[in-house]
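# Overview (structure and organization)
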Amino acid sequence: MKLVTSMSASSAKKFFMKPDSYFNFDLPKYFNFNPILKLSDELLEKNDYKTAVIKGKPNLPNSMDNVDYIIMHNKDGKYAWRPYEMIHPLLYVKLVNDICEKKNWQQIKRRLKQMHSNCKIICCSMPGDSKKTGESKKENILRWWSEFEQDSIAAALEFSLMACTDITNCYPSIYTHSIVWAIHGKEVSKSIKNNEKYIGNLIDIDIEQMRYGQTNGIPQGSVLMDFVAEIVLGYCDELLTEKLKNITDYKILRYRDDYRIFANSSSDLEFILKSVSEVLGDLNFKLNTTKTFSTTEIVIKSVKEDKLERFIKNNTFKNLSLQKELFLIDNFSKKYPNSGSLVVMLTNLFNSTIKALKRKPKNYRQIISIIVDIMYNNPRSYPICVAILSRLFELIRSKSEIEYYVQLIIKKFESLPNTVYLDIWLQRITIPLDKNIKYSKGSICEKIYDKESKIWNSEWMKDNIKKRFDENLIIDEMEIGNLDIGITNDEVDSFTIIHES
């Protein structure tokens, strides 16, 4: 993997312009953002953004709502909703161009190198691009395991104490002006306020354009914004280094907003935790007190509780019937709702058992019911659960019966808020049966059967530009034409969590 900080400006732009970098949330493969990103790049290359693309005051993007398209997704299986934003492609490319302009890129890289100069505070989450085509997402997931979890286990050789903590609502808490502070320094920022010759101000302004003029929070759902978050969190690392200059025996691993702190003295550990809290507080962040703890059991506590439980369960699943295995997975999901381990278990089930089915099981109605029960409280499991359902529906074969079960699922979820993500994946199953089955909760679903439906608000664009900006480019009609009901291996691979080691 090549980290973005080791790339040239042109290579970084190519990386950020990849469809998976633009929106790194799991969607059916007929969504392809490459054509709309390329078109946006061409429009901005041939036209000056301020004079030829936007209408100007009062019709600016930051004066309009719904410029980005938002998919609400559940974080804890209950009430913690998190917005994943498909940034308006034109505004996304504008920000990519600003960041990757050669002089700006060199300055950002220089600052990040300064931020990460302390070898005792290690960032494990800088985005990177895989040398293997299509593997970047998987390898970035693996880095959590290899550089964060595994290095935490190894730290038990050097240290006797560990504290774990994270930031509450990290992305919504990022104050966009703090990007300017991170790149140019807090004092300098006062004298260069709103001066667009400085990249910090450009990033600040670009993000405000996407978000109705808000200065609190950055969009979540793209590698580009992960990188912007790393600029601010790297600044936190730099400020923390200064606070800890009188302590030598410590180590901190940070994976984005998750911290693992190691020390051999309880007083040092408490001082470091206090310093982390103060540094973050100065930048509008708060530590998650419910997830903050210290321990002497570094090895065991370095691995998430749900993952340890999964290791134990793996042995109990052997030689069980499909229904019994699903019962155990459903029970696990009640104990560890919306966990990554739940997705791993379901993916393993899909690969080991579901794909091998030659005929529909006699108890397939009960199996469908259990899968839907798992989905109900675990939105993170929607894609893999729908993949399992798709295989069962493929074996059922009856179009009327499949549509009956789909309608039952839709009806069951009617009382839940924010189920657009479920609709997206259910639509993946029903498209081969009838492309015109309507899903009314999200315009991204409507786009499949209604080309006039709009995903992004483009009313701020001049008419000649808006006319050329064709949202329908995000739908790969050839891919839709080749779809079967059953979700294929390559589709499952796109959302398989692979840190089984």
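See the structure printed just above.
Residues numbered from 1 in each chain as written. Predicted model: local features only at pLDDT ≥ 70, side-chain atom pairs only at ≥ 80, totals over all residues. Heavy atoms only, no water.

### Here we look at the packing of aromatic side chains
The condition that has to hold: Aromatic contacts are taken between Phe, Tyr and Trp rings whose centres are within 6.5 Å, Trp giving its six-membered ring; a plane angle under 30 degrees counts as stacked, one over 60 as edge-to-face, and the others as tilted. Where helices and strands are cited, they refer to DSSP runs of H or I of at least four residues and of E of at least two residues respectively, numbered from the N terminus. Whether a residue is buried, partly exposed or exposed follows from its accessible area with a 1.4 Å probe, protein chains only, as a fraction of its type maximum: under 20%, in between, or over 50%, in that order. The criterion for a charge sitting over a ring is simple: Lys NZ or Arg CZ within 6 Å of the ring centre, and within 35 degrees of the ring normal.
Summed over all chains, the structure comprises 23 aromatic pairs. Considering the side-chain rings of tryptophan 456 and phenylalanine 469, the 6.3 Å spacing of their centres and the 65 degrees angle between planes classify their relative orientation as edge-to-face. One end of the pair, tryptophan 456, is in the loop between helix 22 (443-449) and helix 23 (463-468); the other, phenylalanine 469, is in the loop between helix 23 and helix 24 (477-481), and 13 residues separate them in sequence. Taking relative accessible area as the criterion, tryptophan 456 reaches 3% and is therefore assigned buried. Taking the relative accessible area as the measure of exposure, phenylalanine 469 reaches 5% and is therefore buried. The lysine or arginine in question, lysine 120, covers the ring of tyrosine 250, its NZ or CZ lying 5.8 Å from the ring centre.

### A short note on the sheet that holds strand 6 (residues 161-166)
For the record, the criterion: We treat two strands as partners when DSSP finds at least two bridges between them. Lines fitted to C-alpha atoms define the axes here, with helix axes fitted over just the stretch in contact, and angles between the N-to-C directions of these axes take values from 0 to 180 degrees. For this analysis, residues touch if any pair of their heavy atoms sits within 4.5 Å.
The sheet built from five strands is open, its strands ordered 4-7-8-6-9 with mixed pairing. Strand pairing shows two members of the sheet lacking a second neighbour, strand 4 (121-123) and strand 9 (293-295), which therefore form its edges. Each adjacent strand pair in this sheet contributes to an overall mean axis angle of 15 degrees, direction not counted. For strand 7 (residues 250-255) and strand 8 (residues 258-263), the ladder comprises six bridges, and the chain directions are antiparallel. What sits directly across from tyrosine 250, in strand 8, is alanine 263. Against the sheet, helix 7 (residues 136-154) makes contact with strand 7 and strand 8, and its axis sits at roughly 160 degrees relative to strand 7, the strand it touches most.

### A look at helix 1 (residues 9-16)
So the rule is basically this: By construction, the arc corresponds to the directions joining the helix axis to the C-beta atoms.
Burial in helix 1 covers these residues: Ala9, Ala12, Phe15 and Phe16. Here the buried residues of helix 1 occupy an arc of 120 degrees about the axis, which is enough to place them on one side. The secondary structure elements touched by the buried residues of helix 1 are helix 2 (19-22), helix 5 (89-100), helix 6 (102-115), strand 5 (128-129) and helix 12 (223-243).

### Some words on unusual backbone geometry
For the peptide bond that leads from lysine 57 to proline 58, omega is -5 degrees, which places it in the cis range. Tracing the backbone shows proline 58 in the loop between helix 4 (49-53) and strand 2 (69-74).

### Focus: the pattern of salt bridges
Our working definition: Whenever Lys or Arg places a side-chain nitrogen within 4 Å of a carboxyl oxygen from Asp or Glu, that contact is recorded as a salt bridge.
Applying the stated criterion across every chain yields a total of 26 salt bridges. Two residues, lysine 13 and aspartate 41, come together in a salt bridge whose shortest N-O distance is 3.0 Å. On the criterion of sequence distance, the pair formed by lysine 13 in helix 1 and aspartate 41 in helix 3 (residues 34-46) is long-range, its members being 28 residues apart. The salt bridge partner of glutamate 459 is lysine 466, with a shortest N-O separation of 3.2 Å. For glutamate 459, a relative accessible area of 41% translates into the label partly exposed. The network of salt bridges with common partners includes Glu230, Asp237, Arg254 and Arg256.

### Topic: the environment of asparagine 482
On the secondary structure map, asparagine 482 appears in the loop between helix 24 and helix 25 (489-493). Judged by its relative accessible area of 59%, asparagine 482 is exposed. Sequence separation between asparagine 482 and tyrosine 30 is 452 residues, and the spatial gap between their C-alpha atoms is 9.8 Å.

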